[in-house]
Every structure is written in structure tokens, then in C-alpha cells.
Amino acid sequence: MSTNLIRRAEAGTTESAWVRYTLIGITLIFLFLFLVLPLAAVFAEALRKGFDAYWEALKEPDAWSAIRLTLITALIAVPLNLVFGIAAAWCIAKYEFKGKSVLTTLVDLPFSVSPVVAGLVYVLMFGAQGWFGPWLQEHDIKIIFAVPGIVLATVFVTFPFIARELIPLMQAQGNEEEQAAIVLGATGWQTFWYVTLPNIKWGLIYGVILCNARAMGEFGAVSVVSGHIRGQTNTMPLHVEILYNEYQSVAAFAVASLLALLALVTLVIKSVAEWRHEREMKAILDLPPENISTAVPHLSLKAAS
Amino acid sequence: MLPRSAAAASAQRRAPARVLPGFNITLGYTLMYLCLIVLIPLSALVFKTFTLTWDQFWAAVTGPRVLASYRLTFGASLIAALVNVVFGLLVAWVLVRYQFFGKKVVDALVDLPFALPTAVAGISLTALLAGNGWVGQYLEPLGIQLAFNPNGIVIALIFIGLPFVVRTVQPVLEDAEKELEEAATCLGASRWQTFSKVIFPSIAPALLTGFAMAFARAIGEYGSVIFIAGNMPMISEITPLIIIGKLEQYDYAGATAVATVMLVISFILLLIINGLQAWQRRHTGALA
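Quantities reported herein were computed from a predicted structural model and do not represent experimental measurements.

Definitions and limits used
- Residues numbered from 1 in each chain as written.
- Chains lettered and ligands numbered in written order.
- Predicted model: local features only at pLDDT ≥ 70, side-chain atom pairs only at ≥ 80, totals over all residues.
- Heavy atoms only, no water.
- Helix = DSSP H or I, 4+ residues; strand = E, 2+ residues; numbered from the N terminus.
- Rg over C-alpha atoms; globule rule 2.2 N^0.38 Å.
- Areas by Shrake-Rupley, 256 points an atom, 1.4 Å probe, with all protein chains shown as cover.
- Lys, Arg positive; Asp, Glu negative; His and termini not counted.
- Charge placed at Lys NZ, Arg CZ, Asp CG, Glu CD.
- Expected span 1.5 Å × (residues − 1).
- Buried < 20%, exposed > 50% of the residue type's maximum accessible area, 1.4 Å probe, protein only.
- Contact = heavy atoms within 4.5 Å.
- Buried area = accessible area lost by both parts, 1.4 Å probe.
- Salt bridge = Lys/Arg side-chain N within 4 Å of Asp/Glu carboxyl O.
- Polar contact = N/O pair within 3.5 Å; in protein donor to acceptor, adjacent residues only side chain to side chain.
- Nonpolar A, V, L, I, M, F, W, Y, C, P; charged D, E, K, R; others polar.
- Axes fitted to C-alpha atoms, helices over the stretch in contact; angles between N-to-C directions.
- Parallel < 35°, antiparallel > 145°, perpendicular 65-115°, else oblique.
- Left-handed = near helix turned anticlockwise from the far one by under 90°.
- Core = buried A, V, L, I, M, F, W, Y, C linked by side-chain atoms within 4.5 Å.
- pLDDT = per-residue confidence, 0-100.

A. Just the overall build of chain B, in detail. Looking only at helices and strands, chain B has 14 helices and zero strands in total. Going residue by residue from the N terminus, the α and β elements of chain B occur as α-α-α-α-α-α-α-α-α-α-α-α-α-α. In terms of overall dimensions, chain B is more spread out than a globule: its C-alpha atoms have a radius of gyration of 24 Å, far above the 19 Å expected for 288 residues. Taking the principal axes of its C-alpha atoms as reference, chain B extends roughly 70 × 65 × 35 Å. With an accessible surface of roughly 13,100 Å², chain B has 68% of that area assigned to carbon and sulfur atoms. Of the charged side chains in chain B, 18 are positive and 14 negative; the average position of the first set lies 11 Å away from that of the second.

Next up, the structure:
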């Protein structure tokens, strides 16, 4: 009789089997059409004329210079936003001060600005007719239609990624552990390095990897400031566009397939960071009550950033 | 430890909670970096707009092509965000409530639109939906055209916005207490009544937040849309493309004016999203 009761209770909090399978079926079909097919199409189109044509497209010097520029851009933009993200998360999560919510909103601002507008503001600052345009021309410094403009636009677009990830995480973890370290005589730097960093490392990796994916893949903002000079100011996404518009479909998809691979690697690292983080948080929850720190564990890293 | 100047000591008296060092330097760096990268460049846009006369501004932002682009951008973004609400809720529900083979992979794959560069998504969707593509070849004989017209724009925007709703609803569903549903069932509610009267109200704020995020992202989206849109003036030309077009004709004033309109809209949306998130926190806080 008790099993019967349990079964009835379970039936009350779930759906009948055919509803379940229908919902799972619709979901899988939808995700197949909208996620799997586009991803598969990239590789299929890239390899349509065989592996040699694919390889030829990737060996091209313009493709190489695009790959190099993309890597350089990400190598500058991601560390800059990493330092900013840690600084912003430290002051926003660890302290109370006036205007904190305004600051948090402003940190999020670049997410909601259209990439095209992001590119345009730098043209208005540094372009030939911009604020600093004449001065820059006098001193023969090129920012727009050159690499510095591409880096700046990328920094703008990827600005909030790491801060956004760290702020809720550090808020949830509270200050107790750091305060204990300080009271025990650790310096601020030691406290950060040995107490805070181990606690936030998975969140940090998560933020860095998404920031990097966006930095390497940004199209709109970079396309406004780059000037599309082949072999000089073309990043990989811009190179894809040029090839595509020249009807060199295989070459375009070959370069695009590298970016798709980057996306897949990003997803794998991101998932691993998520699982590891959840496991560590569960391990904390499983400790006997007196050992649980007062910090509320932050179970999920997933953020709709 | 902290340097104990008189000023620091008095500051500590006022705020005894600040045991941790580094407040001034991190806040100072955050503000400086924020100003350099975001605020000063954005203010350049606002100042440039103020150099226009009102008539110039009005003419630039209400030209017939520009008006058509607003209609298209907002309409397509709205449809795409609504589709994302329906399917995002479904995906989040299935991922949280049901067990099936390959669930972890599906869960990871949901973030693909965040990780895949928009230009790649754009050319890939175009290749799929064009007349000779994997999907397009079956639809074209039926008279359904999904590429190079507004339909394509909606599809690209659905792709771009999909993770937003899933990722805002998923954690709320995970935290939802089964006890409430059990209570509803014990009190005689059908499963559908339990969903619509107990579960749905608790996830509604998250759903709305996800909708607003997907909508905001869709309005500014450029990379994935321009390949599939066909970009015909008055028909399939989105607002970001109008800005690019004006820039390419060295019409900086016109580009700035339209960009300012977009900036104001995205700022309003950001404030709405923040309000919704605060509401959601209060809502879940009240339940817990």
C-alpha cells in the first residue's frame, strides 16, 4: 500500500509517459534543427570539395594573417578584461558603498549596446573626423582601420564577461574566509592568492573562456573599425565575410570551421568548469554541519550572459 | 596590513566592516577602466549628436528607409524572442525534469550560440536555408522561402537568442520545491493546473527576464543577420546595417543620430532587465 501511495505522489509531480516523450521529442527536434544542423553544415560545406581544397584554403597567406590577428587581439583583450573583471568583482562583491547598483549596471552596459554602435563610437573618437583624429594624424598614429582600433572594439564588446561571472560568485561566497585570513596576518595579496582565487577558479575559467570565444568571434564592432584591409586588418570572421561575398564558399567555410572548432572547444571547457564547480560545491554541502562555512554555496555557474 | 594614516583610521571608524584591503585601488581601477573603455567613447556619441540641429537629427532618424528598418528590427526581434520564450521554456523544462540519453551533451550544446561567432552562424544558416541547401531544397518546391528575406532574419535571431531564456529559467526550475507541487496534487489539482497555477507563476519573472535579454540582443544583432537577410532597402534592411551604410557614405552625422536612437533603446532595455532581475530575486527570496 505504501508503494502505491509513493507512486501516486510521484504521478502528481511528473507527467504521464507520453507527455514526457513528446516534450523530449519536440525539444530534441528543435535543438537538432537550430543547433546541430548549422554546426554540421559548417564542416560539410568546408569539406565539400574534399580535404585538399580545405587544406589549400587554410594555407593561404591571407587566412594565416587573419588567424594571427585574431590571436593577437584575443591575447590583448582577454587579459585586460580579466584584470578588470577581478578588480570590479572584488570591489562590488566584497564591499558596500553608495552607487554600487549603478556601477553594476554600467559594467553590464556593453552587453546591451549593439556591436555596430560599439564600433562607431571608436570611429567618432579616433577616426579622421573624430575628437582625437587630427592630433593622431599629426603624430602619424593609426587607430581606426588599424590593429589598435580592432583591439579596442573587441575589449569593449567583451568588457563585462569576466566581471559578470565573478560578481555573483564572490557575493555568494561572502567575506568570512578572507576576513579570517587577514586576521591571521595574511597580506591582502596572500589572501587573494590563497583564499579567494581557489574559491573562484572555475568561475574565472568559465568567464575567461566565454570572453575569449567572443573576442575571437566578434564581427559587427570589428567590421566597423577595421577597414577590411586584406592581410593587415582582417580578423578571421571578417576574412570569412570577404571570402563568402567573393563566392569562395569552400574557403569561407574552411576558415569558419576553425571558428566552429573553437566554439566546440569552448563548450567543452565551459562544461568541465561547470561540473567541477558543482562537484566542489556539493562536497562542501556534504560536510558535517559544523564544517560548513557560512557562505551560501553557489551551485550553478550558468549565467545568461 | 593597512597603512594606518589618520584618514584611513577615521574611515575605518565610520565603516568598521571594511576589514579587507584593496577597496580603493580596485574601485579606482574599475572606474578608470570603465570610463576609458565604455563611458568616454559612448559620450563621444552623445556629444556628436548634440552638434546636430534638431531638424538634422529628426530627418536622419525618421527617413523612410530608417523607419522601415525600425519596423523590421523590432518586429523580427519580437517574434524571435517570443519563439525563444516558448521553446526556451520547453528546453529548460526537459533538461531539468526529465532524464534521457545524452542529456549532458544537449545541455552543453544549448550554449552554442554564445560560443559560435555570429558570422559563422550567419553563413551556415544561409547555406542551410538557401534554395540549394540541406533544408531549403525541400522547402523551395513548397513555395516557402526562408533565406534572403525577413523570415531568415527571424530564424537567425531565434538562433542567437535561444540560450538566454533557457539559462535564466533553468536555475529557477532547479530550485523550485517539489513540495509545492505535491501539495497542489494532494489538494486535488490536475497536472496542468499545478503547472499553470503553481509552477508557472514562480518561473514567470525568469521567463520575462530571458525574453527581455533575447529581445535586447536581437535588436543589436548584426553578424548573423546580414548574410541571411538579403539586405534589400525597405524590406530586409536592419537598423545596424543602416548605420553601416551611412558610415560607408561618410554620413557620420546620420550614422551617429541613428546610433543614438539605438543606444537609448538599449539603455532602456537594460534598465528594464535590471528591474526584472531585482523582481525575480525578491520573488524567489519570498518563496525561500
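Now that the structure has been shown, we can carry on.
B. Local environment of helix α7 (residues 118-129) of chain B. Residues and elements named next belong to chain B. The end-to-end C-alpha distance of α7, which contains 12 residues, comes to 16 Å, matching closely the 16 Å that a straight helix rising 1.5 Å per residue would cover. With 12 of 12 residues buried, α7 lies mostly within the body of the structure. When we look at burial in α7, the residues that qualify are Thr118, Ala119, Val120, Ala121, Gly122, Ile123, Ser124, Leu125, Thr126, Ala127, Leu128 and Leu129.

C. Molecular detail of the interface of chain A and chain B. Counting residues at the interface gives 92 residues for chain A and 93 residues for chain B. Counting each side, the surface lost to burial between chain A and chain B is near 8,500 Å², with a carbon and sulfur contribution of 79%. The interface formed by chain A and chain B contains one salt bridge. Linking chain A with chain B are 12 residue pairs in polar contact (both at pLDDT 80 or more), by the criterion used here. Here the element with the most residues in the side of chain A that touches chain B is helix α2 (residues 17-46) of chain A; it accounts for 19 residues. For the side of chain A that touches chain B, the per-class residue count stands at 63 nonpolar, 18 polar and 11 charged.

D. Structural view of the pattern of salt bridges. In the structure shown here, the tally under the stated rule is 16 salt bridges over all chains. A salt bridge links Arg167 of chain B to Asp107 of chain B; its shortest N-O distance comes to 2.9 Å. Of this pair, Arg167 of chain B sits in helix α9 (residues 150-175) while Asp107 of chain B sits in helix α5 (residues 103-109), placing them 60 residues apart in sequence. With its nearest N and O atoms 3.3 Å apart, the salt bridge here joins Arg191 of chain B to Glu181 of chain B. Pair noted here: Arg191 of chain B is in helix α11 (residues 191-220) and Glu181 of chain B is in helix α10 (residues 178-186), with a separation of 10 residues, a long-range link. Each of the two residues, Arg191 of chain B as well as Glu181 of chain B, counts as buried. When salt bridges that share partners are traced, they join Lys270 and Glu274 of chain A together with Asp107, Asp111 and Arg167 of chain B into one network.

E. How the structure looks around the side chain of Arg191 of chain B. Under the relative-accessibility criterion, Arg191 of chain B is labelled buried at 17%. At 3.3 Å, the side chain of Arg191 of chain B and the side chain of Glu181 of chain B are in polar contact.

F. The packing of α7 of chain B against α9 of chain B, seen in detail. Residue and element names in this part refer to chain B. Look at α7 against α9: their axes get within 11 Å of each other, and the N-to-C directions meet at 135°. Relative to α9, the element α7 lies oblique. By crossing handedness, the relation of α7 to α9 is classed as right-handed. Of α9, the residues touching α7 (which contributes Thr118, Ala121, Leu125 and Leu129) are Ile155, Ala156, Phe159 and Ile160. Among the residues forming the contact of α7 with α9, the class breakdown is seven nonpolar, one polar and no charged.

G. Quick look at the nonpolar core. Core analysis: the largest hydrophobic core is formed by 192 residues, its most contacted members being Phe156 of chain A together with Leu116 and Ile243 of chain B. Ile243 of chain B has contacts with Val116, Val117 and Leu120 of chain A together with Ala255, Val258, Ala259 and Met262 of chain B, leaving out every residue within four places of it along the chain.

H. Up close: the packing of helix α4 (residues 61-94) of chain A against helix α9 (residues 161-173) of chain A. Residue and element names in this part refer to chain A. Orientation of α4 relative to α9, taken along the N-to-C sense of each, is 30°, at an axis distance of 8 Å. Viewed along their axes, α4 and α9 adopt a mutual orientation that is roughly parallel. Crossing of α4 over α9 shows right-handed handedness. Facing α4, whose interface residues are Val78, Asn81, Leu82, Phe84, Gly85, Ile86, Ala88, Ala89, Trp90, Ile92, Ala93 and Lys94, α9 presents Ile162, Ala163, Leu166, Ile167, Met170 and Gln171. Class assignment for the residues of the contact of α4 with α9 results in 14 nonpolar, three polar and one charged.

I. View of the confidence of the model for chain B. All names here are of chain B. Here chain B shows a mean pLDDT of 87. Residues at 70 or above account for 92%. Note that pLDDT drops below 50 for residues 1-16; the model gives that stretch six contacts with residues more than four away or on any other chain. Interface scoring of the predicted complex returns ipTM 0.87; its pTM is 0.88.

J. Representation of the side chain of Ser224 of chain B. All names here are of chain B. Tracing the backbone shows Ser224 in helix α12 (residues 223-229). The exposure class of Ser224 is buried, given its relative accessible area of 1%. A distance of 3.0 Å separates polar atoms of two side chains, one belonging to Ser224 and the other to Glu221.

K. Here's a closer look at unusual backbone geometry. Even without a glycine there, the phi angle at Asp140 of chain A is positive, about 60°. Classification of Asp140 of chain A as exposed rests on a relative accessible area of 68%. Here Met234 of chain B, not a glycine, exhibits a phi torsion of approximately 75°, which is positive. Relative to the helices and strands, Met234 of chain B resides in the loop between α12 and α13 (239-248).

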